[in-house]
Amino acid sequence: AGGSSGGFPPAPAGLLGASVTSRPPGTMMQPAEEDLVLTEGGELDHRADASFLSQLTMWWTNSLMNLGGRRELELRDLWRLEEEFTSEARGRALQRAWSTEQAAAKAAGRTASLLRAWRIVHGRALAFTAWLQLVNIFVQILPFHVLNKLLTAIAEGQGPAVGLAWTAVLGALLFVRTLMDSHYIRLLVDVGMQVRAGVMSFVYTKALALTPTARQANSLGQMVNLMSLDTEKLVMASIMLHSSWATIVNIVLIVGSLVMVIGPAALAGVGVVFALMPLTARLAQKMQGLQRQSTRYTDERIKVLNEVLQGIRIIKFYSWEAAFLRRIRELRERELSKLRAKAILKAVNSVFLQAAPAFTTIVTFGTYVWLGGQMSTDNVPVIFTSLALLAQLRQPLTFYPMVLAMLMDARVSATRLERFFSLKELGTSDGGGVCDRQAGKDEVDVSIEGGTFSWDPELTTDGTSGRLADVKGPGPQVGGGRSRCWGHG
């Protein structure tokens, strides 16, 4: 496991690990035996026996933090993961959920969905974090109303006691908000790391069980992409998942608070927000299409690179380096063109949404003055509270396009994984089996017991019962030529 990316705070060290002691350049690392097997090293995760207060304040991480403050952490210092959080356990859980989803999809006559399988595995954790996020949204709005009361008490001279009381309430709300934010992020990063471990384990297990035909159609580079790029996109989507609806709820609550504070003038600023939504949705759709196209070129480029590395002797012998280099550069240029177009659309989207809060503020206060409001010292509570709410509106407006883009990328990656997980496996009714060849003294005999036979869809035969027939493979691939078999129809 590793730390999170995309600007999110890392999860506690006991969950995600820590840095390993560095060594001088040029020194060969000689790992100790206990470093090679983590489960034989450190103690069990301290979170398991921590009290409620310790878990609430994350005090259980202090021992590892203090050790890291005294010296650089080594692998043996890290806590052991509980069995349910190991990569093997996560992979088995995802495989069981995928098998359940495949059976349900077959009965319902639809395509199996990886998202439904994840709901089986992580549904409870995601439901809890959704509830936590919903409560957190309301906690984030309350400080602005308390600020309005505090400024009103100061403007009206209600006395120090009233001001101190509202200040204490404001501090308590900010403390609760900080705690909820920390636990919300930690729980989502926890889910993201479990998603990564489960997908990588499942992809590796699936790759070992593919039929020869399925393995031919999926190169090693494509499988590596599934375990690295696509898995990383799913991790970020797991962390951003609730933001897809929580951002909308947050915007609605901020707008409602603005209407309570400044009146109908807030609706004019809301119009600017809604005017940008169709443009944002269109740009997100375009970026999803470009991501899908760039991923296809990435797979093709890595496939060619693997072929070059595997056949480098033949390429050097026939002096084919220039031809293969041109092919790789051509694929890379196509890939970069799609990524460049996506980056331009992302920049245009960011420009509009970075400018949206400023336009919203101008339109809101312009309408407020036009409706008869006064921008004077008498309206300090209204002005300052409105400015604070408009500043809070900047974050969801800027953040939402990034969330949409990440979810679109994750959807493309999930589709690629669904296609890979649906490939045929050896030892299944639709994938094939194992036959045992035994040599006798006088002749070679093939003995098959309890076998089920079927041709892969790519293979064709013109054979009839009781005679030799030609079987032609899918094309010029290795192993795709003609062979001879005996028909027993």
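Residues numbered from 1 in each chain as written. Predicted model: local features only at pLDDT ≥ 70, side-chain atom pairs only at ≥ 80, totals over all residues. Heavy atoms only, no water.

## What about the packing of helix H11 (residues 265-310) against helix H13 (residues 321-370)?
The geometry of H11 relative to H13 is characterised by a closest axis approach of 8 Å and an angle of 170 degrees between their N-to-C directions. By the criterion of interaxial angle, the relationship of H11 to H13 is roughly antiparallel. Residue composition of the contact of H11 with H13, by class: 27 nonpolar, ten polar and ten charged. (Axes fitted to C-alpha atoms, helices over the stretch in contact; angles between N-to-C directions. Helix = DSSP H or I, 4+ residues; strand = E, 2+ residues; numbered from the N terminus. Parallel < 35°, antiparallel > 145°, perpendicular 65-115°, else oblique. Nonpolar A, V, L, I, M, F, W, Y, C, P; charged D, E, K, R; others polar.)

## Some words on the confidence of the model for the chain
With 78% of its residues at a pLDDT of at least 70, the chain reaches an overall mean of 75. The low-confidence segment residues 1-41, where pLDDT is below 50, has 60 contacts with residues more than four positions distant or belonging to other chains. Within the model, pLDDT remains below 50 along residues 431-441, and this stretch shows 14 contacts once partners closer than five positions in the same chain are excluded. (pLDDT = per-residue confidence, 0-100. Contact = heavy atoms within 4.5 Å.)

## Some points on a nonpolar patch on the surface
Among the surface-exposed residues, Ile248, Val252, Phe274 and Met277 lie close enough to one another that they form a single nonpolar patch of about 350 Å² accessible area. Going through the elements one at a time, helix H10 (243-262) and H11 are the ones with two or more residues in the nonpolar patch. Mapped onto the fold, Phe274 is located in helix H11. By relative accessible area, Phe274 is classed as exposed at 52%. (Patch = residues over 30% accessible without salt bridge, like charges linked within 9 Å, V, L, I, M, F, W, Y side chains within 5 Å. Areas by Shrake-Rupley, 256 points an atom, 1.4 Å probe, with all protein chains shown as cover. Salt bridge = Lys/Arg side-chain N within 4 Å of Asp/Glu carboxyl O. Buried < 20%, exposed > 50% of the residue type's maximum accessible area, 1.4 Å probe, protein only.)

## Let's talk about the packing of aromatic side chains
Scanning the entire structure with this criterion turns up six aromatic pairs. Plain terms: the ring middles of Phe317 and Tyr318 are 5.2 Å apart, the flat faces sit at 85 degrees to each other, and that makes the pair edge-to-face. Residue class for Tyr318 comes out partly exposed when judged on its relative accessible area of 48%. Ring pairing ties together the aromatic residues Trp98, Phe202, Phe420 and Phe421, which thus form one cluster. (Phe/Tyr/Trp six-rings, centres within 6.5 Å; stacked < 30°, edge-to-face > 60°.)

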